[in-house]
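Chain by chain, the residues:
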Amino acid sequence: MARSRFHRRSSYGNQLKALPMEAMYSAGVSLVSLIIYGGIIAASVYMSGETPRWLGGGLGTLGFLVAFGAFVYNVGQMKTKTELKYRIICLAISSVIMIVWIATLIIGLIRG
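A.B. asks: Break down the side chain of Arg87 for me, with residues and values.
C.D. replies: Along the chain, Arg87 turns up in helix α3 (residues 84-111). The buried charged residue Arg87 lacks any salt bridge partner; its closest oppositely charged side chain belongs to Glu83, at an N-O distance of 8.5 Å. From its side chain, Arg87 meets the backbone oxygen of Thr80 in a polar contact 2.7 Å long. Once you skip the residues sitting within four places of it in the chain, Arg87 turns out to touch Pro20, Gln77, Met78, Lys79, Thr80 and Thr82.

Quick look at the structure:
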């Protein structure tokens, strides 16, 4: 009997819980939104703060919404019956990225 590729087995041969692949994909999407964030910051530095509105506002809002959607999805993944350690790691990644986006949003609102 072949082992499933997404399930781990212990040294005793009994099957452990599946890895939360959807939560991992969602954490990856959050990381992509952080790359968008870094690109916006780099473009702003390169253009000496004179960025077009579509870059700072449009892509920034899109990146925030993508990160928010991934965060909400990872919160929902906490109810599944997959391995808890990986679910918590994926939720922590999404949470840290949401903190970065929200902190930037709040700083922008205060300084704007």
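A.B. asks: Break down the packing of helix α1 (residues 21-46) against helix α2 (residues 53-77) for me, with residues and values.
C.D. replies: Where α1 contacts α2, the two axes come as close as 9 Å, and the packing angle between them is 160 degrees. What the angle tells us is that α1 and α2 run roughly antiparallel. Crossing of α1 against α2: the hand is left-handed. Here α1 contributes Glu22, Ala23, Ser26, Ala27, Val29, Ser30, Ser33, Ile36, Ile40 and Ala43 to the contact with α2, which in turn contributes Leu55, Gly56, Leu59, Gly60, Gly63, Val66, Ala67, Ala70, Tyr73, Asn74 and Gln77. In the contact of α1 with α2, the residues fall into 12 nonpolar, 8 polar and 1 charged.

A.B. asks: If you had to explain α3 to someone new, which residues and values would you point to?
C.D. replies: For α3, which comprises 28 residues, the first-to-last C-alpha distance of 40 Å matches the rise-based estimate of 40 Å (1.5 Å per residue) to within 8%. For α3, the full list of buried residues reads Arg87, Cys90, Ser94, Ile97, Met98 and Trp101.

A.B. asks: Give me the lowdown on the nonpolar core, citing residues and values where you can.
C.D. replies: Of all hydrophobic cores here, the largest spans 5 residues; its members are Tyr37, Ala67, Ile97, Met98 and Trp101. Per-element accounting of this core gives the leading share, 3 residues, to α3. Ignoring sequence-local partners within four residues, the contact set of Trp101 consists of Ser33, Leu34, Tyr37, Gly60, Gly63, Phe64 and Ala67.

Conventions we followed
- The numbering scheme is per chain: residues are counted from 1 as the chain's sequence reads.
- Whole-chain, interface and lining totals are the exception, using all residues; otherwise, since this is a predicted model, local features are given only for residues with pLDDT of at least 70 and side-chain atom pairs are given and counted only at 80 or more.
- The side-chain values count all of the structure's non-hydrogen atoms but skip hydrogen atoms and water molecules.
- Helix and strand assignments come from DSSP, with helices taken as H or I runs of at least 4 residues and strands as E runs of at least 2, each series counted from the N terminus.
- For every residue, the accessible area obtained with a 1.4 Å probe (protein chains only) is divided by the maximum for its type, and the residue is called buried under 20%, exposed over 50%, and partly exposed between those limits.
- In this count, Lys and Arg are taken as positive residues and Asp and Glu as negative ones, while His and the chain termini are left out.
- For salt bridges, the criterion is a side-chain nitrogen of Lys or Arg within 4 Å of an Asp or Glu carboxyl oxygen.
- Distance and chemistry together define a polar contact, namely a pair of N or O atoms within 3.5 Å, with one atom able to donate a hydrogen and the other to accept it when in protein, and with adjacent residues in sequence counting only for side-chain atoms on both sides.
- Any two residues whose heavy atoms approach within 4.5 Å are treated as being in contact.
- Simply put, an axis is a line fit to the C-alpha atoms, just over the touching stretch for a helix, and the angle between two N-to-C directions goes from 0 to 180 degrees.
- What sets the label is the angle itself: under 35 degrees gives roughly parallel, over 145 gives roughly antiparallel, 65 to 115 gives roughly perpendicular, and the rest give oblique.
- Should the near helix be turned anticlockwise from the far one by less than a right angle, the crossing is left-handed, and should it be turned clockwise, the crossing is right-handed.
- Note on residue categories: nonpolar means Ala, Val, Leu, Ile, Met, Phe, Trp, Tyr, Cys or Pro, charged means Asp, Glu, Lys or Arg, and polar means any other residue, Gly included.
- Under the convention used throughout, the expected extent of a helix is 1.5 Å for every residue step, that is, one less than its residue count.
- Buried Ala, Val, Leu, Ile, Met, Phe, Trp, Tyr and Cys residues that are joined via side-chain atoms within 4.5 Å together make up what is termed a nonpolar core.

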